[in-house]
Amino acid sequence: MISIIVPCFNEQESLPLFYEEAKKVLEGIEQSYEMLFVNDGSSDGTLDILRELSEKDTAVKYLSFSRNFGKESAMYAGLQHAKGDYVVMMDADLQHPPAMLEEMYLAIKEEGYDVVAARRVSRKGEPLIRSLFSRCFYRIINKISSAEFVDGASDFRMFSRKVVDAMVEMGEYNRFLKGIFGWVGFKTKWVPYENVERVAGGTSWSFWKLFLYSLEGIIAFSTVPLGIISIIGVMFFVVAFVWMIGIIVRTLIWGDPVAGFPTLACMLLLIGGSIQLSLGIIGQYLAKTYLETKRRPHYIIAETNERKQNEDKQV
Ligand code: UDP
Ligand code: MG
């Protein structure tokens, strides 16, 4: 059985189009499949459409969150609830072409891969500054993290059951999928695809949101920033020590002429700033640890049709 997980946040325009398209492709490759939609607290008619679709098609399952918990939580819920032997993640906006499903399915089923991931070959149609930051992010994170991050790798992926189980086992609260994919490993096949425009609606990612998200990724998959601030601390200490000796020697030889106020002011600002920065970085890790220790649920399901269908079976 194939499960496809589709996170939906205000996708009322794209959903019906996505459903038609995905259904057509799925029916061509496998008789048994489920479409698991996760409504991530949409404020438009997304939930109504999901209810409707599930009424007329038993392959449609949906989980509806009590509010917007973010795409990461929606994906996690999807992974936990997917029952298929093969699980696919894809966006509802048709940016991930369902036509590629067949190729992915064959790669796992016949070629012995555990993961098949779509990889964007061009960043065409993306703002220049965004591409630039994105490249920097991948360069940095790959230097400082043990998990592999692949530039252009999308969330459009198919997994075998054991990979899904491995990802579900990573129950961390601060989830960063791109890191989780690399961290769990497994034999991965990359299939190239061209960036397609969204069919309807707008992206919910602003530049600022993406930037913060990339910082999340660094903090979730690397502790190198903590090491860097320790090294900066040591450097400051060494410089300060040498300088101190110099001042003492100078005073002993030439007396104390009371000069050097600008130097003093600069040093104060520099050291003060670096302490502030270091505290900030430590604070980030501490905050993540704090959230992690609360062990809150990743999401709250307000409504679903899953149980209803099981009850139908029992009757
Ligand atoms: N999404 C979600 N929760 C959110 C934001 C987005 O479930 O808080 C879903 C959205 O409905 C879509 C997918 O995540 O199916 C990708 O979102 P989007 O297309 O806005 O991102 P982009 O493709 O621009 O990276
Ligand atoms: Mg999109």
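Look above for the structure.
Residues numbered from 1 in each chain as written. Chains lettered and ligands numbered in written order. Predicted model: local features only at pLDDT ≥ 70, side-chain atom pairs only at ≥ 80, totals over all residues. Heavy atoms only, no water.

Chemist: Tell me about the nonpolar core, and name the residues and values.
Modeler: For soluble globular proteins, the rule of thumb is that nonpolar side chains tend to be buried together. The biggest cluster of nonpolar side chains holds 38 residues, and the ones touching the most others in it are I2, I4, F37 and L101. With 7 residues, helix α1 (residues 14-29) is the largest single contributor of residues to this core. Not counting residues within four places of it along the chain, the set of residues in contact with I2 comprises L26, I29, E30, S32, Y33, E34, Y86, V88 and Y105. Grouped together as the second largest cluster of nonpolar side chains are 35 residues, I5, L36, I180 and I218 included. (Core = buried A, V, L, I, M, F, W, Y, C linked by side-chain atoms within 4.5 Å. Buried < 20%, exposed > 50% of the residue type's maximum accessible area, 1.4 Å probe, protein only. Helix = DSSP H or I, 4+ residues; strand = E, 2+ residues; numbered from the N terminus. Contact = heavy atoms within 4.5 Å.)

Chemist: With reference to specific residues and values, describe the site of ligand 1.
Modeler: By nearness alone, 16 residues border ligand 1, and E11, D40, D93, Q95 and T203 come closest of all. Between ligand 1 and F9, the relevant distance is 2.8 Å, taken from an oxygen atom to a main-chain nitrogen or oxygen of the residue. At 2.6 Å from an oxygen atom of ligand 1 is found a side-chain nitrogen or oxygen belonging to Q95. For ligand 1, whose unbound accessible area comes to 530 Å², protein coverage reaches 87%. Looking at side-chain class alone, the shell around ligand 1 contains 5 nonpolar, 5 polar and 6 charged residues. (Near = heavy atom within 4 Å. Polar contact = N/O pair within 3.5 Å; in protein donor to acceptor, adjacent residues only side chain to side chain. Areas by Shrake-Rupley, 256 points an atom, 1.4 Å probe, with all protein chains shown as cover. Nonpolar A, V, L, I, M, F, W, Y, C, P; charged D, E, K, R; others polar.)

Chemist: Residue-level account of the coordination of the magnesium ion (ligand 2), with values.
Modeler: Summarising the metal site, the magnesium ion (ligand 2) is bound by the protein donors D93 (OD) and Q95 (OE1), whose distances to it range over 1.9 Å. On the accessibility criterion, D93 (3% relative accessible area) is buried. Residue class for Q95 comes out partly exposed when judged on its relative accessible area of 23%. (Donors = N, O, S within 2.8 Å, 3.2 Å for Na, K, Ca; no water.)

Chemist: Mind laying out the packing of helix α3 (residues 71-81) against helix α6 (residues 161-169), listing which residues take part and the relevant values?
Modeler: If you want to describe how two helices pack, look at the angle between their axes and the distance between the axes. Following both chains from N to C, one finds α3 and α6 inclined at 130°, their axes separated by 9 Å at the closest point. Comparing their axes, α6 and α3 come out oblique. The chirality of how α3 crosses α6 is left-handed. On the side of α3, the interface is formed by Y76, L79 and Q80, while α6 contributes V164, M167 and V168. Of the residues contributing to the contact of α3 with α6, the split by class is 5 nonpolar, 1 polar and no charged. (Axes fitted to C-alpha atoms, helices over the stretch in contact; angles between N-to-C directions. Parallel < 35°, antiparallel > 145°, perpendicular 65-115°, else oblique. Left-handed = near helix turned anticlockwise from the far one by under 90°.)

Chemist: Outline the pattern of salt bridges, supporting the account with residue identities and numerical values.
Modeler: Evaluation of the coordinates by the stated rule reveals 12 salt bridges. For the salt bridge of K61 with E34, the shortest nitrogen-to-oxygen distance reads 3.0 Å. Taken together, the positions of K61 in strand β3 (residues 60-65) and E34 in strand β2 (residues 33-39) put the pair 27 residues apart, joining distant regions of the chain. Residue K61 shares its accessibility class with E34, and that shared class is buried. Ionic pairing is found between D114 and K162, a salt bridge with its closest N-O pair at 3.5 Å. Taken together, the residues span a long stretch of sequence, with D114 in the loop between α4 (101-109) and β5 (115-120) and K162 in helix α6 at a distance of 48 residues. Through salt bridges that share partners, K71, D91, D155 and K178 make up one connected network. (Salt bridge = Lys/Arg side-chain N within 4 Å of Asp/Glu carboxyl O.)

Chemist: So what about unusual backbone geometry? Which residues, and what values?
Modeler: Here F186, not a glycine, exhibits a phi torsion of approximately 75°, which is positive. Looking at the secondary structure, you find F186 in the loop between α7 (177-184) and β7 (188-193). For F186, a relative accessible area of 35% puts it in the partly exposed group. Positive phi, normally seen in glycine, also occurs at R295, with a value near 50°. Residue placement: R295 occurs in the loop between α10 (261-294) and β8 (301-304). Owing to a relative accessible area of 66%, R295 belongs among the exposed residues under this scheme.

Chemist: Summarise the side chain of S3; cite the residues concerned and give the values.
Modeler: Looking at the secondary structure, you find S3 in strand β1 (residues 2-8). Residue S3 is classed as buried on the basis of its relative accessible area, which comes to 0%. At 2.7 Å, the side chain of S3 and the backbone nitrogen of G84 are in polar contact. For S3, the residues in contact, after removing those within four places along its chain, are E34, A82, K83, G84, Y86, V87 and V88.

Chemist: Quick one: what's the story with helix α8 (residues 207-221), residue by residue and with numbers?
Modeler: Here α8 contains 15 residues, and its C-alpha end-to-end distance of 21 Å stays within 8% of the 21 Å for a straight helix at 1.5 Å per residue. Among the residues of α8, Y213, S214, G217, I218, I219 and F221 are the ones counted as buried. Residues of α8 that are buried sit in contact with α3, α5 (128-144), α7, α9 (224-254) and α10. (Expected span 1.5 Å × (residues − 1).)

Chemist: Which residues make up the environment of M267, and what values go with them?
Modeler: Assignment of secondary structure puts M267 in helix α10. Taking the C-alpha atoms as reference points, M267 and I141, separated by 126 residues in sequence, lie 31 Å from one another.

Chemist: Describe the sheet that holds strand β4 (residues 86-89), with residues and values.
Modeler: As summarised here, the arrangement of the 8 strands in space is β7-β5-β6-β4-β1-β2-β3-β8, forming an open sheet in which the pairing is mixed. Strands with a single pairing partner mark the edges of an open sheet, and in this sheet they are β7 and β8. On average, each strand axis in the sheet is tilted by 20° relative to the strand beside it, whichever way the strands run. By the bridge criterion, 4 bridges tie β5 to strand β6 (residues 153-160) in an arrangement that is antiparallel. The residue bridging R119 from the neighbouring strand is A153, located in β6. α1 contacts β1, β2 and β3 of the sheet and is inclined by roughly 160° relative to β2. Against the sheet, α7 engages β4 and β6, with an angle of about 45° to β6. (Pairing = 2+ DSSP bridges.)

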